[in-house]
Amino acid sequence: MTKTILITGCSSGLGKLTARHFAEKGWNVVATMRRPDPELANAYPARILVAALDVGDPASIEAAIEAGIARFGGLDAVVNNAGITMVSIFEATPADAIRQIFETNVFGMVNVIQAAVPHLRRRGGGTVVNVGSGVGIAAMPLLSVYSASKQAVEGLSESLSYELSSQNIRVRLVQPGAMRSTNFTTTGMAASQAAPVPESYRPYFDHMLQSMINYPFASTEEQSVVEAIHAAATDPTDRLRYQVGPDVEEYARLRWSTSEDAYRAGMHRLTGHTAWRDMAK
Ligand code: NAP
């Protein structure tokens, strides 16, 4: 039986590439996006249905799932890919911008999972793939709200990996490193206009932003993340986490294979804090 997957955030970047990949691997794909663009459906008319879905709008989630089931007969997997970020000083970040990140990255994921689970169960089981981030492992300065949201995704995914196994539903957490090829950073920098940098943080902010620009790792290839999402959706084992990218592999090594002191020293070095502390002396 041909399997059907619903993916959120397919208008660009990782979501769009993932929709193409699953179609090429012979899956039926419900490629969802806030403003439907027929490009993906035109490229794979037999395999891809484009449907409107805003993760903050439960009615649109139900409608997209129903449209997918009407077209393909059922739902076997979901990829929670939609996400947003913001680069900001926490103290100056407006409450509505903080809420927007949590509404999308956390409550949006919650909405999709709650809507999808009954349909996965109806097929005898299925898979939920959540797109996390390296900041879910290692929180970063200037990315406090995004880090908090992706660490919420970590906890949600880990807890549900146990709870949903009772329903024969597997939960996977794909943790990509920084991908320079998507719209993500540009959109996140644009969102940062809502949080002007307070003067007292200015030298720190400029230094840390420069550290982000001079990131000491190669960019994570989008295609390798897409392949990890496919592996996660088809893996018969009990694995939860799929780390992709040289930065994420290093954060995971520091976090889980060293002491707390070594982890913090390593992260200070990688995020530019060590240089900042030397400068600030
Ligand atoms: P992207 O090109 O900006 O894609 C983000 C997608 O999320 C877009 O399709 C966007 O749709 C969608 N989206 C935003 N708010 C939405 C909402 N309320 N409802 C439905 N869709 C919504 O960035 P990307 O890099 O592919 O990001 C995909 C995922 O990878 C995100 O979860 C992100 O946190 C994660 N990630 C990215 C990086 C990176 O460095 N790029 C690293 C680690 C993890 P619109 O076009 O409608 O805005």
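It should be emphasised that the depicted structure is a prediction, and the values quoted were computed from it without experimental measurement.

(A) Here's a closer look at the side chain of N80. With respect to the helices and strands, the residue N80 is situated in strand β4 (residues 77-80). For N80, a relative accessible area of 3% translates into the label buried. Not counting the four nearest positions on each side in its chain, N80 is found in contact with T8, M109, V112, I113, V128, V129, N130 and V131.

(B) Inspection of the site of the ligand at higher detail. Looking at the ligand, there are 27 residues lining it, with S11, R34, N81, Y146 and T182 nearest. Contact distances for the ligand include 2.8 Å between an oxygen atom and a side-chain N or O atom of S12. Here an oxygen atom of the ligand and a backbone polar atom of N183 are 3.4 Å apart. Isolated, the ligand exposes 890 Å² of accessible area, and the fraction of that covered by the protein chains is 91%. In terms of residue class, the shell around the ligand is made up of 11 nonpolar, 12 polar and four charged.

(C) Region of interest: the pairing of β4. The alternating pattern of β4 places A77 and V79 on one face and V78 and N80 on the opposite face, and all of these are buried. Judged from the three bridges that link them, strand β1 (residues 4-7) and β4 form a sheet pairing that is parallel. Among the inter-strand pairings, I7 is bridged to a residue of β4, identified as V79. As paired strands, β4 and strand β5 (residues 126-131) are joined by four bridges and run parallel to one another. Among the inter-strand pairings, V79 is bridged to a residue of β5, identified as V129. Taken together, β4, helix α4 (residues 95-122) and β5 constitute a β-α-β crossover, and its handedness is right-handed.

(D) How the structure looks around the nonpolar core. In terms of nonpolar packing, the biggest core is built from 30 residues, with V29, I48, V174 and I229 touching the most fellow members. In terms of residue count, helix α8 (residues 222-234) provides more of this core than any other element does, six residues in total. Beyond its immediate stretch of four places on either side in the chain, V29 contacts I5, I7, A19, F22, A23, R47, I48, L49 and F72. In terms of nonpolar packing, the next biggest core, distinct from the first, is built from 27 residues, V30, A51, A115 and V171 among them.

Cut-offs used in this document
- Here, residues in each chain are numbered from 1, in the same order as that chain's written sequence.
- Since the coordinates come from a predicted model, pLDDT governs what is reported: local features require at least 70, and pairs of side-chain atoms require 80 or more to be given and counted, while whole-chain, interface and lining totals use all residues.
- Excluding hydrogens and water, the side-chain values take into account all heavy atoms of the structure.
- Strands here mean DSSP runs of E at least two residues long; helices mean DSSP runs of H or I at least four residues long; both are numbered from the N terminus.
- Exposure classes here rest on a 1.4 Å probe applied to the protein chains alone. A residue is buried below 20% of its type maximum, exposed above 50%, and partly exposed in between.
- Contacts between residues were defined by any pair of non-hydrogen atoms, one from each residue, lying within 4.5 Å.
- If even one non-hydrogen atom of a residue comes within 4 Å of a molecule or strand, that residue is called near it.
- We define a polar contact as two N or O atoms separated by no more than 3.5 Å, with the added condition that, inside protein, one atom must be a possible hydrogen donor and the other a possible acceptor, whereas residues neighbouring each other in sequence contribute only through side-chain atom pairs.
- For accessible areas, the Shrake-Rupley method is used with a probe of radius 1.4 Å. Any residue's cover is judged against the shown protein chains and nothing else.
- Polarity classes work like this: nonpolar for Ala, Val, Leu, Ile, Met, Phe, Trp, Tyr, Cys and Pro, charged for Asp, Glu, Lys and Arg, and polar for all others, with Gly in that last group.
- Here the rule is simple: two strands pair whenever DSSP picks up at least two bridges between them.
- Orient the strands so they point away from the viewer; a crossover is then right-handed if the path from the first strand over the helix to the second runs clockwise.
- Joining through side-chain atoms within 4.5 Å is the link that ties buried Ala, Val, Leu, Ile, Met, Phe, Trp, Tyr and Cys residues into a set, and such a set is a nonpolar core.

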